[in-house]
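Next come the chains, spelled out residue by residue.
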Amino acid sequence: MGMGSASPRSRVHLSLVMFILVVLTCTVRTVAFAGMPVAGQPAPDFVLPGLLDAQTLSLKDLKGNVVLLNIWASWCTSCKDEMEDLLAVQEQYGPRGFSLVAVNIDNAPSSAVDFMKRFENRSKKKPGFILLYDRDKKVPKDYFQRGMPTSYLIDREGILRKTYPGSFSKSTLDTLKTAIEEALK
Amino acid sequence: MNRTVLCLGLLCLIALTGCAEKLIMVQPYEMEHFAQDKMRFTPLDARAAFEEHIYSIREASAGGSSGFQGGCGCR
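Nothing here was measured: the structure is a model prediction, and the numbers come from that model. (Residues numbered from 1 in each chain as written. Chains lettered and ligands numbered in written order. Predicted model: local features only at pLDDT ≥ 70, side-chain atom pairs only at ≥ 80, totals over all residues. Heavy atoms only, no water.)

Draft legend 1. Just the state of the cysteines, in detail. All names here are of chain A. All told, the structure shown has one disulfide over all chains when counted by the stated rule. The disulfide partner of C76 is C79, and the S-S distance across this bridge is 2.2 Å. One quick way to see it: the torsion about the S-S bond of C76 and C79 is about 85°, and its sign makes the bridge right-handed. (Disulfide = S-S within 2.5 Å.)

Draft legend 2. Spatial organisation of unusual backbone geometry. Residue and element names in this part refer to chain A. Of note, the bond from M148 into P149 is cis; its omega dihedral lies within 30 degrees of zero at -10°. If you check the backbone angles, K137 has positive phi at about 55° while not being a glycine. Along the polypeptide, K137 turns up in the loop between β5 (130-133) and α5 (138-142). Accessibility expressed as a relative area gives 9% for K137, which makes it buried. Phi angles above zero are rare outside glycine, and F144 is one such case at about 50°. (Helix = DSSP H or I, 4+ residues; strand = E, 2+ residues; numbered from the N terminus. Buried < 20%, exposed > 50% of the residue type's maximum accessible area, 1.4 Å probe, protein only.)

Draft legend 3. How the structure looks around the packing of aromatic side chains. Residues and elements named next belong to chain A. All chains considered together, the criterion is met by five aromatic pairs over all chains. Here W72 and F115 contribute two aromatic rings whose centre-to-centre distance is 5.7 Å and whose plane-to-plane angle is 55°, an arrangement assigned as tilted. Here W72 is found in strand β3 (residues 66-72), whereas its partner F115 is found in helix α4 (residues 110-123), with 43 residues between them in sequence. Both residues of the pair, W72 and F115, belong to the buried class. For the ring pair Y93 and F98, a centre distance of 6.2 Å and an interplane angle of 70° mean the geometry is edge-to-face. By the burial criterion, Y93 is buried, and F98 matches it. In textbook terms, an aromatic cluster arises when at least three aromatic residues are bridged by ring pairs, as seen for W72, F115 and F119. (Phe/Tyr/Trp six-rings, centres within 6.5 Å; stacked < 30°, edge-to-face > 60°.)

Shown next as structure tokens:
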């Protein structure tokens, strides 16, 4: 039976069903991504232990600082590659109230600790940024992380300013520095 | 009756489609096991790079191979 032979009542029913389907699809997607932090809204708080020590730290503790939250893992090559650039950013802006918070999400922290030790030996200095460990992957879940690595710029008030999916290249690093400069004003 | 069942079936299908990404997609932070060396298509880096090069010339396309890690989704 084609649409041409359908009665007006059937057509109304069909339209209604289609309308409900569209509304439902949109609603389900909205619910699935509800709570996703967007620029201009408060960044989700977290309380995590250190990667190299047991001292816990929360995002609230860093209020008053511009924070770059970097989610990384030792199995992610590009995460490790950008570490040196991020260290340079920390050294450049740290004295002005900038904190780089690197949250490791490895299943077991040992390989991340090994990497950081090798990184220290190679760069011949201690990483001047904050290293945290998130075993339950709560931070990437709360922030709806869309790629490895991802960095989030959070201003002095704890408001999410920008999201940087993927590792930093030369050009995106310049964009990041400009954004940090603006946030530090 | 049949129409009602059909409509309900369609509703469920659409609802599941809407949730699909959340339900079945491996999130980037869950890809630790995919990033292991044993997940590569070929154990030899040089060979993988060579094959990818040939493939990209022959097919005028690139990507989708495991030349760089197993598939951790890293950029």
